[in-house]
Amino acid sequence: MKKLFIPVLALTATFTVQAQLQPKKMTPESSEVWSPEPRLVTPGAPSTAVSGFTAPSDAIVLFDGRNLDEWESVKGGRAGWNVAENAIITAPGKGGIQTKRDFGDFQLHIEWRSPAEVKGNSQGRGNSGVFMQGLYELQVLDSYDNRTYSNGQAGSIYKQTMPLVNAAKKPGEWQTYDVAYTAPRFNKDGMMLIPPYITVFHNGVLIQNHTAIQGHTDYIGRPTVKPHGRGPLMLQDHGNTTGFRNVWIREL
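None of the values given here were measured: they were computed from a predicted structure.

We now examine the nonpolar core. Within the largest apolar cluster, 39 residues are counted, with the highest numbers of intra-cluster contacts made by Trp-71, Val-130 and Met-132. Sorting the residues of this core by element identifies β1 (60–63), β6 (106–113), β7 (128–132), β8 (136–140), β9 (175–182), β12 (197–202), β13 (205–212) and β15 (243–251) as the ones contributing at least two each. In terms of residues, this core owes the most to one element, β6, which gives 4 residues. Residues contacting Val-130, with those up to four places away along its chain left out, are Leu-108, Ile-110, Tyr-136, Glu-137, Leu-138, Val-140, Leu-233, Met-234, Leu-235 and Phe-244.

So, about the environment of Phe-106. Relative to the helices and strands, Phe-106 resides in strand β6. Remark: the alpha-carbon pair of Phe-106 and Ala-180, spanning 74 residues in sequence, is separated by 6.1 Å. Once residues within four sequence positions are removed from consideration, Phe-106 is found in contact with Met-132, Val-179, Ala-180, Tyr-181, Leu-233, Ile-249, Arg-250, Glu-251 and Leu-252.

Put simply, the protein chain has an average pLDDT of 88, and 86% of its residues get 70 or more. Counting contacts from residues 5–20, a segment whose pLDDT is below 50, to residues more than four positions away or on other chains yields 1 contact. In the model, residues 47–51 has pLDDT below 50 throughout and makes 0 contacts with residues more than four positions away in sequence or in other chains.

What follows covers the side chain of Thr-99. Mapped onto the fold, Thr-99 is located in strand β5 (residues 97–99). Thr-99 sits in the buried class, given a relative accessible area of 1%. Among the polar contacts made by the side chain of Thr-99, one reaches the main-chain carbonyl oxygen of Arg-101 at a distance of 2.8 Å. Aside from chain neighbours lying at most four places away, what touches Thr-99 is Leu-62, Glu-70, Trp-71, Glu-72, Pro-232 and Leu-233.

Turning our attention to the packing of aromatic side chains. Within the structure shown, the criterion is met by 6 aromatic pairs. Consider the rings of Trp-34 and Tyr-149, whose centres lie 6.0 Å apart with planes at 65 degrees: the pair is edge-to-face. Taken together, the residues span a long stretch of sequence, with Trp-34 in the loop between α1 (8–21) and β1 and Tyr-149 in the loop between β8 and β9 at a distance of 115 residues.

Parameters and conventions
Residues numbered from 1 in each chain as written. Predicted model: local features only at pLDDT ≥ 70, side-chain atom pairs only at ≥ 80, totals over all residues. Heavy atoms only, no water. Core = buried A, V, L, I, M, F, W, Y, C linked by side-chain atoms within 4.5 Å. Buried < 20%, exposed > 50% of the residue type's maximum accessible area, 1.4 Å probe, protein only. Helix = DSSP H or I, 4+ residues; strand = E, 2+ residues; numbered from the N terminus. Contact = heavy atoms within 4.5 Å. pLDDT = per-residue confidence, 0-100. Polar contact = N/O pair within 3.5 Å; in protein donor to acceptor, adjacent residues only side chain to side chain. Phe/Tyr/Trp six-rings, centres within 6.5 Å; stacked < 30°, edge-to-face > 60°.

Encoded structure:
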């Protein structure tokens, strides 16, 4: 019988290097990934044959251009955002808004638009977010010719998983997210048995393919995991006047 050779020294060296790479103190920058950078992909042009479609018959329409009856402030009470030109417009300083209903597994369609007038750079352009169950953020950002950390650009699972490609349109153009989401499963002791999974098409381009979400979206440090049940869909106020429209969801 041949002896199995295990390169212990090599393994030890690898673990030592990895340990040295761990920051001594966590900062917001500790969880930013700048390389590699997702390559650019130009989305297909809208087709008049399919544009303007309505929600499926079994969908819950969360916004149809008229009012915010399905929404409330994350602080409680009336949703303080504006409705103009058949769109929800973020009201900077008012805080995020969330659905009055809670959801588990779902299919989501949402359209969004960053401001046509470009101001700022990196995370300061058209920044918002769509939070699954109020906890897990799918980043909304003007990522057209706007370099930022890769796991913080549009279509990223914020501070966790960068999109497969950058399918962003120009500022001021309407963009779409089509999402399939499955909620995490916990045991009676609060341990996560199955993580949340998300698949995302950005402007018709696959950018997250059955991606496991590591935990709650945290700005500083590693993702945390806490047991929870059903939760709302939440839209983030990040100080930019980002617009949303044609929002519907199908419970799975």
